[in-house]
Amino acid sequence: MQAFNLIPLQEAMQLLGVSRATIDRWRKERQLPVVKLGKEVWVDRSQLEQWVRARGGLAGTDAGRFAGAEPPPDAGRFAGAVPSPAADGASSPLRAELPPAAGAFPSFAGFAAAARTERFITVGYQSGAALLWSALVVKRLGWFEEELALLEPHARWRVSWRHADSGMELVEELIAGRVQIASVGDYPIAASRELGRLLPRFRPQMLAFDGKSEGGSGISLVVRAGSGMRREEQLGSSLISTVGRSSASRRLQEVLRRGRLDGTPVLHHGRMADCLGGLLDGRTEAAMLWEPYLTWVRRIGAGVALEGESGGGDYLTGIMADAGWAEAQQSAAVAYLKAHLRAHALMRRDPGAAAVLIGEESGFPLEVVASVLGSIRWDASVSSRDLATLDRLEPAARAAGADTPDRGEALRRAMQEAASPPAFRPSYLQEAVRALRLPSLPDIPLPQEWAEDGIY
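The following paragraphs examine the structure supplied in this document. None of these values were measured; they are calculated from a predicted model.

### A word on the sheet that holds strand β1 (residues 6–8)
Next up, step 1: Read from one edge of the open sheet, three strands run β1-β3-β2, paired in antiparallel fashion. Strand pairing shows two members of the sheet lacking a second neighbour, β1 and β2 (35–37), which therefore form its edges. Sheet twist, expressed as the average angle between the axes of neighbouring strands with direction ignored, equals 40 degrees.
Next up, step 2: As judged from the three bridges shared by β2 and strand β3 (residues 40–44), these two strands associate in the antiparallel manner. Considered in β3, the bridge of Lys36 is made with Val41.
Next up, step 3: Each of β1 and β3 is contacted by helix α1 (residues 9–16), which is oriented at about 85 degrees to β1, the strand it contacts most.

### Considering helix α9 (residues 186–198)
Next up, step 1: Compared with the 18 Å implied by 1.5 Å per residue over 13 residues, the 19 Å span of α9 between its first and last C-alpha is a close match.
Next up, step 2: Of the residues making up α9, those classed as buried are Asp186, Tyr187, Pro188, Ile189, Ala190, Ala191, Ser192, Arg193 and Gly196.

### Considering helix α7 (residues 143–151)
Helical periodicity: at 3.6 residues per turn, an α-helix aligns residues three or four positions apart in one direction.
Next up, step 1: All of the buried residues in α7 are Trp143, Phe144, Glu147, Leu148 and Leu151. Buried residues of α7 fall within an arc of 140 degrees about the axis and therefore sit on the same side.
Next up, step 2: Those residues of α7 hidden inside the fold are in contact with β4 (118–125), α6 (134–141), β5 (156–163), β6 (181–185) and α14 (330–349).

### Some words on the sheet that holds strand β8 (residues 219–224)
Strand pairing in a sheet takes place through backbone hydrogen bonds and is either antiparallel or parallel in direction.
Next up, step 1: Taken together, five strands build an open sheet; the order of strands is β10-β9-β11-β8-β12 and the sheet is mixed. Because the sheet does not close on itself, it has two edges, and the strands there are β10 (266–269) and β12 (303–305). Averaged over all pairs of adjacent strands, the angle between strand axes in this sheet comes to 30 degrees, irrespective of strand direction.
Next up, step 2: Relative to β12, β8 is paired through three bridges, and the arrangement is antiparallel. Bridge pairing links Val223 to Val304 in β12.
Next up, step 3: Sitting on the sheet, helix α10 (residues 247–258) touches β8, β9 (240–243), β10 and β11 (286–290), and the angle it makes with β9 is about 145 degrees.

Conventions adopted
- Residues numbered from 1 in each chain as written.
- Predicted model: local features only at pLDDT ≥ 70, side-chain atom pairs only at ≥ 80, totals over all residues.
- Heavy atoms only, no water.
- Pairing = 2+ DSSP bridges.
- Helix = DSSP H or I, 4+ residues; strand = E, 2+ residues; numbered from the N terminus.
- Axes fitted to C-alpha atoms, helices over the stretch in contact; angles between N-to-C directions.
- Contact = heavy atoms within 4.5 Å.
- Expected span 1.5 Å × (residues − 1).
- Buried < 20%, exposed > 50% of the residue type's maximum accessible area, 1.4 Å probe, protein only.
- Arc of directions from axis to C-beta.

Encoded structure:
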């Protein structure tokens with residue numbers, strides 16, 4: 001077809017450095033110029049170059065950052081161009097060169113070369129939160145990079161990992177564009193909705209759930225061994241510690257409000273390890289802890305959990321991204337979710353092997369990790385029960401002191417606010433599920449209670 005300046009679709013994919021899924025999406029959403037002759041699909045090379053130029057070098061798409069177009073004012077938030085500093089404060093050597101100015105697009109071949117420039121993604125994770133340990137498995141085994149290579153074989157990805165001590169720290173990194181994918185607890189997920197309303201350029205997107213625990217089994221109020229306290233009303237003026245602006249601090253507020261203990265002093269730490277340390281050295285009488293610190297403090301005999309659901313019901317965690325980034329980098333979002341689902345399967349199928357990997361990555365004692373893994377429900381799917389938990393944690397409900405809504409009402413409210421952040425767009429998880437040949441997921445949250453056997 002050289003006489004007609006037509007090239008096969010596969011060659012166009014190689015020139016652009018994108019996958020077949022991306023090409024198909026462009027055909028559907030952007031009227032990519034193609035010619036279909038029988039069963040074969042061809043692309044007019046001249047028209048394709050004009051199509052690329054007309055769209056400013058595909059700004060805002062998978063290859064847009066490298067097409068030679070002038071980046072929009074907030075492009076840095078979606079590009080992940082400058083990975084965040086390492087957890088120890090040292091500067092990362094990874095840097096991306098700025099794209100050339102608009103108009104500096106000399107040829108189609110030049111665009112194709114630019115499209116294969118390295119792309120940077122930073123994943124935020126928390127090794128100190130057991131319900132988010134799936135990220136440690138993905139990181140340790142290199143599954144995200146593996147899935148990226150499968151979905152975008154002609155692209156060059158560079159993945160870096162950003163450790164944090166709390167979820168709100170990672171939400172701030174999402175807002176600043178220094179992190180593109182973040183593993184956080186349910187309070188940061190719920191709080192991001194309010195932040196999305198206040199910050200128009202921040203559109204938090206819920207990609208999937210991660211670890212889940214029921215009725216205080218994953219997060220609970222613990223008192224120092226030997227204190228004699230067993231119930232919430234016995235706390236009195238005892239000094240209590242927790243991590244500030246976290247799922248733990250949100251539940252502690254609920255405990256104090258329920259027990260009318262507004263005058264109880266609270267010490268906010270930046271790390272959960274400091275809360276455990278306060279119990280051990282006697283500086284505090286109680287602490288709101290999440291796993292694995294709950295199991296750890298019990299194993300060493302340093303603390304006892306209070307009776308009742310002091311953890312405030314179910315404790316959920318999940319994967320978040322900025323909606324703008326996820327829309328522009330759909331293949332990357334799906335690739336991470338595939339790795340995420342594989343990590344869940346490993347932790348359910350072979351918890352012993354997973355415990356070894358997590359222990360090496362996190363530094364927690366192997367016996368603690370192994371004990372905790374079996375108590376967590378590893379489930380990426382969204383159910384009406386999960387939406388009820390997030391609804392209860394909404395900032396507006398907290399400020400108004402509203403009672404917990406029933407699950408049916410939570411589901412109706414969540415569906416009415418589907419356009420509000422953190423919106424859950426099921427297509428990313430659905431595509432990952434299809435690719436791994438798992439049972440399909442519906443477009444709406446699962447209406448039933450948690451199933452006994454996890455699948456996702």
